Amino acid sequence: LTSVAQKIFEKYADQFEYNFYLGKLNNFEVVYLSVLDGRGPIKIVVEPGGSTTLHSTALGKVLLAFQDESFINAFLLNVPLIAFTPRTITDPAKLRSHLQQIRTQQYAINDGEHYEAIGAVGVPVISRSGKVNLGISLAYPRHLILDENYSIDSLIKLAKEITNEFSLHVDSISTS
């Protein structure tokens, strides 16, 4: 999976000069499986094998949103919703509402919730069985969206395109 992700990320690197991530749900956190550091001037240092929270990142929120209610309940009972920035969702009811919205729209946005200056778009990788254990995200400096140098809609479209291509490879790997 990691080599497939790297090849796909490289293919799209000319369209998006910031960071690409493939992450997997592992208990109550995201573990990064594959990372392509952007070629832009700002780097977000994340190593494959590193992990992060579910509630404060686009990748984490999209993975959490597609789990069943018992998993979400267990997460909320066992994991404190730490505020990394003033934008981090720390209220369980607000997070539940946000997760429902993510399920409906099929993507998550992090608008400076883990690092104030960083935003991201996360999209689920949905298996043939309908399960979501993997996701892809694109991270960028928030000012690019605020200054309208990037459109959030174009980033969502790009993330979905990458995820669709990745899903084809995942399905072919799992059936071979």
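These figures come from a predicted structure and were not determined experimentally.

About the criteria used
Residues numbered from 1 in each chain as written. Predicted model: local features only at pLDDT ≥ 70, side-chain atom pairs only at ≥ 80, totals over all residues. Heavy atoms only, no water. Helix = DSSP H or I, 4+ residues; strand = E, 2+ residues; numbered from the N terminus. Rg over C-alpha atoms; globule rule 2.2 N^0.38 Å. Contact = heavy atoms within 4.5 Å. Areas by Shrake-Rupley, 256 points an atom, 1.4 Å probe, with all protein chains shown as cover. Lys, Arg positive; Asp, Glu negative; His and termini not counted. Charge placed at Lys NZ, Arg CZ, Asp CG, Glu CD. Buried < 20%, exposed > 50% of the residue type's maximum accessible area, 1.4 Å probe, protein only. Salt bridge = Lys/Arg side-chain N within 4 Å of Asp/Glu carboxyl O. Core = buried A, V, L, I, M, F, W, Y, C linked by side-chain atoms within 4.5 Å. Pairing = 2+ DSSP bridges. Axes fitted to C-alpha atoms, helices over the stretch in contact; angles between N-to-C directions. Left-handed = near helix turned anticlockwise from the far one by under 90°. Nonpolar A, V, L, I, M, F, W, Y, C, P; charged D, E, K, R; others polar. pLDDT = per-residue confidence, 0-100.

K.L.:
What is the right way to look at the overall build of the chain in this model?
P.N.:
When its secondary structure is counted, the chain shows six helices and six strands. If you list the helices and strands of the chain from N to C, you get α-β-β-β-α-α-α-β-β-β-α-α. Scaling as 2.2 N^0.38, a compact globule of 176 residues should have a C-alpha radius of gyration of about 16 Å, and the chain matches this with 15 Å. Projecting the C-alpha coordinates of the chain onto the three principal axes gives extents of approximately 45 × 40 × 30 Å. Sequence separation of 24 or more characterises 59% of the internal contacts of the chain that already satisfy a separation of 6 or more. About 8,600 Å² of surface is accessible on the chain, with carbon and sulfur atoms providing 52% of the total. Taking the average place of the 15 positive charges on the side chains of the chain and the average place of its 18 negative ones, the gap between the two points comes to 5 Å.

K.L.:
Just to check I follow, could you spell out helix α2 (residues 58-65) for this structure?
P.N.:
Along an α-helix, a turn takes 3.6 residues, which lines up residues three or four apart on a common side. Most of α2 sits out of view: eight of its eight residues are buried. All buried positions along α2 are accounted for by Ala58, Leu59, Gly60, Lys61, Val62, Leu63, Leu64 and Ala65.

K.L.:
How do you make sense of the side chain of serine 137 when you look at a structure like this?
P.N.:
Note on placement: serine 137 falls in strand β6 (residues 132-141). Accessibility expressed as a relative area gives 3% for serine 137, which makes it buried. In this structure, serine 137 is in contact with Asn19, Phe20, Tyr21, Leu59, Val121 and Gly122, ignoring residues within four places of it in sequence.

K.L.:
Can you walk me through the pattern of salt bridges in this structure?
P.N.:
Oppositely charged side chains can pair when the atoms bearing their charge come close. The full count for this structure, using the stated rule, is four salt bridges. Of the charged contacts in the structure, one is a salt bridge between glutamate 69 and arginine 96, with a shortest N-O distance of 3.0 Å. Taken as a pair, glutamate 69 in helix α3 (residues 69-78) and arginine 96 in helix α4 (residues 92-105) lie far apart in primary sequence, 27 residues in all. Between arginine 142 and aspartate 111 there is a salt bridge; the shortest N-O distance is 2.6 Å. Remark: aspartate 111 occurs in strand β4 (residues 108-111) and arginine 142 occurs in the loop between β6 and α5 (143-146); sequence separation between them is 31 residues. The class for aspartate 111 is partly exposed, based on a relative accessible area of 36%.

K.L.:
Explain the nonpolar core here, please?
P.N.:
Soluble globular proteins tend to pack their nonpolar side chains together in the buried interior. In this structure, Leu64 and Leu95 are the most contacted members of the largest nonpolar core, which totals 27 residues. For this core, the elements supplying multiple residues, two or more each, are β1 (19-26), β2 (29-36), α2, α3, α4, β5 (118-126) and β6. Of the residues forming this core, the biggest block, six residues, is contributed by α2. Setting aside anything within four residues of it in sequence, one finds leucine 64 in contact with Leu54, Phe71, Ile72, Phe75, Leu95 and Leu99.

K.L.:
Please explain the pairing of β4 as it appears in this structure.
P.N.:
Judged by which residues are buried, β4 turns out to be one-sided: Ala108 and Asn110 face inward and are buried, whereas Ile109 and Asp111, on the alternate face, are not. Looking at chain direction, β4 and β5 are connected through four bridges and run antiparallel. Considered in β5, the bridge of aspartate 111 is made with glycine 119. Hairpin remark: β4 followed by β5, antiparallel, with six residues in the connecting loop; positive phi at glycine 112, about 75°.

K.L.:
Looking at this structure, how should I read the packing of α3 against α4?
P.N.:
When two helices pack together, their arrangement is given by the angle between their axes and by how far apart the axes lie. One way to put it is that α3 packs onto α4 with a least axis distance of 12 Å and a crossing angle of 145°. Read as a crossing pair, α3 and α4 show a hand that is right-handed. Across the interface between the two elements, Glu69, Ile72, Asn73, Phe75 and Leu76 of α3 pack against Pro92, Leu95, Arg96, Leu99 and Arg103 of α4. Within the contact of α3 with α4, the residues separate by chemical class into six nonpolar, one polar and three charged.

K.L.:
What is the right way to look at the confidence of the model for the chain in this model?
P.N.:
Atom-level detail of predicted coordinates should not be read off regions where pLDDT is low. Per-chain confidence: the chain averages 86 in pLDDT, with 91% of residues scoring 70 or above. Looking at the elements of the chain, mean pLDDT is at its lowest for helix α6 (residues 152-175), recorded as 72, and at its highest for α3, recorded as 97.

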